[in-house]
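In case you want the letters, here they are:
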Amino acid sequence: MNGEKVVGVVGIAIDTRKLSPEERTVLGAWVSLLAIALVRAGLSSEAKQAAMLREADKLRTALFNSVSHELRTPLAAIMAAIYTLNDKAVAYGEQQRQQLLETIADASKRMERIIGNLLDTARMESGMLQLKLDWCDLEDVVSGALRRSREHTQNYLIKVEMAEDLPLIYADAALLEHVVLNLLDNAVKYSVEGSKIELQTALDANEVIVMVKDRGVGFKEADLPHLFDKFYRAGNTEKISGTGLGLAICKGIVDAHHGRIWAELRPDGGSIFAFALPVTLPEEKAGGKND
Ligand code: ADP
């Protein structure tokens, strides 16, 4: 039995008569074949699992590298600016000092955003993202996001078109503002300064829709199914900093509201990122939306 192991036990029901030697030989051969098939199936599933683990490991390393790179860049900028400010040997004018302080502020904000995104992702994955639902006005949500993004959008041509008579929606206003802000930030990040960004709301059948349209770099048709995946970054935007978490978080928030989020390429250049939320009637809200 050296080197052999039991892969299974076969029971065969026979009547009271004894098996002939030929029957025993045939049965023995048949059971051996079965054993070989079982061993082979086991080995191939082990190999598959090992390959999957290797892939997961590769992916983890890639993600780790990209996030740590994204964090290290602003950190290096902060450290360099502080080092320069502290250098007693050089006398700086007020304008230079101000520029260095701005560098520190910008880089800190960038780090804060990346860490915020990582925390949001972890919260969402562990099911800890709780919706604070209440009746809210989409116009307030959109204006809130516009106000918060002003610092980034000031060099762009922002055109806002709000639909009239939008119904109130039963939703988490702060999280929805986060979604609009993220879409606006992306529109800015992936377009050139001075270009037009449109923010529109609409009411269609029983959905309210928010659309952010830009004239930026767009993406490839092949990216479309993956844009909302965690850590996914389209090839044409590799040189622009980012972690590929923002849209995944937006999708998580919109999904939690039973809505849908999507992207479209504009035929004449740029892209549209939009989401739609179901309009809830007051009597429906208790049943369907707070789960
Ligand atoms: P990040 O911007 O940090 O990379 P996101 O999750 O917000 O992460 O976006 C994922 C990817 O989707 C981006 O890397 C980019 O390739 C693409 N993308 C998002 N918004 C736009 C946009 N407005 N125009 C073109 N590509 C976009």
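As the structure is a computational prediction, the values presented were derived from the model and not from experiment. (Residues numbered from 1 in each chain as written. Predicted model: local features only at pLDDT ≥ 70, side-chain atom pairs only at ≥ 80, totals over all residues. Heavy atoms only, no water.)

**Thoughts on the site of the ligand**
Taken together, 19 residues surround the ligand, and among them Tyr190, Asp214, Arg233, Thr237 and Leu247 come closest. Between an oxygen atom of the ligand and a side-chain N or O atom of Tyr190, the distance comes to 2.6 Å. Contact distances for the ligand include 3.2 Å between a nitrogen atom and a side-chain N or O atom of Ser271. Surface burial for the ligand is 98%, taken as the share of its 530 Å² of free accessible area covered by protein chains. Looking at the shell around the ligand, the elements with two or more residues in it are α4 (173-189), α5 (246-256) and β7 (271-278). The dominant element in the shell around the ligand, judged by the number of residues it contributes, is α4, at 3 residues. Here the shell around the ligand is built from residues that sort into 8 nonpolar, 8 polar and 3 charged. (Near = heavy atom within 4 Å. Polar contact = N/O pair within 3.5 Å; in protein donor to acceptor, adjacent residues only side chain to side chain. Areas by Shrake-Rupley, 256 points an atom, 1.4 Å probe, with all protein chains shown as cover. Helix = DSSP H or I, 4+ residues; strand = E, 2+ residues; numbered from the N terminus. Nonpolar A, V, L, I, M, F, W, Y, C, P; charged D, E, K, R; others polar.)

**Examining the packing of helix α2 (residues 94-125) against α5**
Between α2 and α5, the shortest axis-to-axis distance is 10 Å and the interhelical angle comes to 40°. It follows that α2 is oblique to α5 by the angle criterion. Read as a crossing pair, α2 and α5 show a hand that is left-handed. Contacts between α2 and α5 involve Asn117, Asp120, Thr121 and Met124 on the former and, on the latter, Gly246, Ala248, Ile249, Gly252 and Ile253. Considered class by class, the residues forming the contact of α2 with α5 number 4 nonpolar, 4 polar and 1 charged. (Axes fitted to C-alpha atoms, helices over the stretch in contact; angles between N-to-C directions. Parallel < 35°, antiparallel > 145°, perpendicular 65-115°, else oblique. Left-handed = near helix turned anticlockwise from the far one by under 90°. Contact = heavy atoms within 4.5 Å.)

**Considerations on the packing of aromatic side chains**
Across all of its chains, the model carries 3 aromatic pairs by this definition. A centroid spacing of 6.0 Å and a plane angle of 65° characterise the contact between Phe219 and Phe273, whose relative ring orientation is edge-to-face. Of this pair, Phe219 sits in the loop between β5 (207-213) and α5 while Phe273 is found in strand β7, placing the two residues 54 residues apart along the sequence. For Phe273, a relative accessible area of 13% corresponds to the buried category. Three or more aromatic residues joined by ring pairs make a cluster, and in this case those are Phe219, Phe228 and Phe273. (Phe/Tyr/Trp six-rings, centres within 6.5 Å; stacked < 30°, edge-to-face > 60°. Buried < 20%, exposed > 50% of the residue type's maximum accessible area, 1.4 Å probe, protein only.)

**Observations regarding the pairing of strand β6 (residues 260-265)**
Note: β6 against β7, 6 bridges, orientation antiparallel. Bridged to Trp262 within β7 is Ala274. Two successive antiparallel strands, β6 and β7, enclose a turn made up of 5 residues, where Gly269 displays a positive phi of approximately 105°. (Pairing = 2+ DSSP bridges.)

**Let's talk about the environment of Ser32**
In this fold, Ser32 is placed in helix α1 (residues 21-86). As for Ser32 and Trp262, which are separated by 230 residues in sequence, their C-alpha atoms are 55 Å apart.

**Some remarks on the domain arrangement of the protein**
We note that the domain assignment places domain 1 (14-129) and domain 2 (134-285) within the protein. Measuring from the centre of the C-alpha atoms in domain 1 to the corresponding centre in domain 2 gives 28 Å. Contacts between the two partners involve 14 residues from domain 1 and, on the opposite side, 16 residues from domain 2. Carbon and sulfur atoms supply 63% of the area buried between domain 1 and domain 2, which totals about 1,300 Å² over both sides. One can count 2 salt bridges joining domain 1 with domain 2. Between Arg113 and Asp185 there is a salt bridge; the shortest N-O distance is 2.2 Å. Remark: the boundary between domain 1 and domain 2 carries 4 residue pairs in polar contact (both at pLDDT 80 or more). Secondary structure elements with two or more residues in the side of domain 1 that touches domain 2: α1 and α2. Counting residues per element, the side of domain 1 that touches domain 2 draws most heavily on α2, at 10 residues. (Domains from an automatic or database assignment. Buried area = accessible area lost by both parts, 1.4 Å probe. Salt bridge = Lys/Arg side-chain N within 4 Å of Asp/Glu carboxyl O.)

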